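Chain residues, written in single-letter form:
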Amino acid sequence: MELFRSKAFNAMESSLYALQLQTQVSAQNLANLETPGYKAKTVSFDDVFKNTQSNHYKFRARIYEDETGSIRPDGNNVDSDVEELKVAKAYIQSVYLMQKISGQFTNVRYILENAPK
């Protein structure tokens, strides 16, 4: 079915995976909040089209260590407020994307149910 091969659907699916990764990295950072010397991890996303003729749209994620200095004496640079904000933002974006994907299925169901017989 063309719906599942469209650039829009592929981008929404890829975005959900990227948001899941962001949530996992933030959860790891929060779990290491009290670990001396731990450096927070950060996720960077690049938009990638495999080619302009293709419908494949993906985010390439890179995880790297945040080398910014720490104000804490133990060398840990995790900021719990920043990480919690990242988790909340990813959650809100995920809910929005799931609603958009659900809307796509609702449209297909409507078409199938109301097609001339």
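Everything below is about the structure shown above.
It should be emphasised that the depicted structure is a prediction, and the values quoted were computed from it without experimental measurement.

Conventions used here
Residues numbered from 1 in each chain as written. Predicted model: local features only at pLDDT ≥ 70, side-chain atom pairs only at ≥ 80, totals over all residues. Heavy atoms only, no water. Helix = DSSP H or I, 4+ residues; strand = E, 2+ residues; numbered from the N terminus. Buried < 20%, exposed > 50% of the residue type's maximum accessible area, 1.4 Å probe, protein only. Core = buried A, V, L, I, M, F, W, Y, C linked by side-chain atoms within 4.5 Å. Contact = heavy atoms within 4.5 Å.

Participant: Can you walk me through the environment of Gln-28 in this structure?
Facilitator: Secondary-structure assignment places Gln-28 in helix α1 (residues 7–31). Given the relative accessible area of 38%, Gln-28 is considered partly exposed.

Participant: Where do I start with the nonpolar core in this structure?
Facilitator: For soluble globular proteins, the rule of thumb is that nonpolar side chains tend to be buried together. Counting 6 residues, the largest nonpolar core consists of Phe-9, Met-12, Leu-19, Ala-90, Leu-97 and Ile-101. At the level of elements, α1 and α2 (80–114) are the ones that each hand at least two residues to this core. Ignoring anything within four residues of it in the chain, the contact list for Ile-101 reads Phe-9, Met-12 and Leu-16.

Participant: Just checking my understanding: could you explain the side chain of Asn-29 for this structure?
Facilitator: Summarising the element assignment, Asn-29 is placed in helix α1. The exposure class assigned to Asn-29 is buried, which follows from its relative accessible area of 0%. Setting aside chain neighbours within four positions, we find Asn-29 in contact with Tyr-38, Ala-40, Lys-41, Val-78 and Glu-83.

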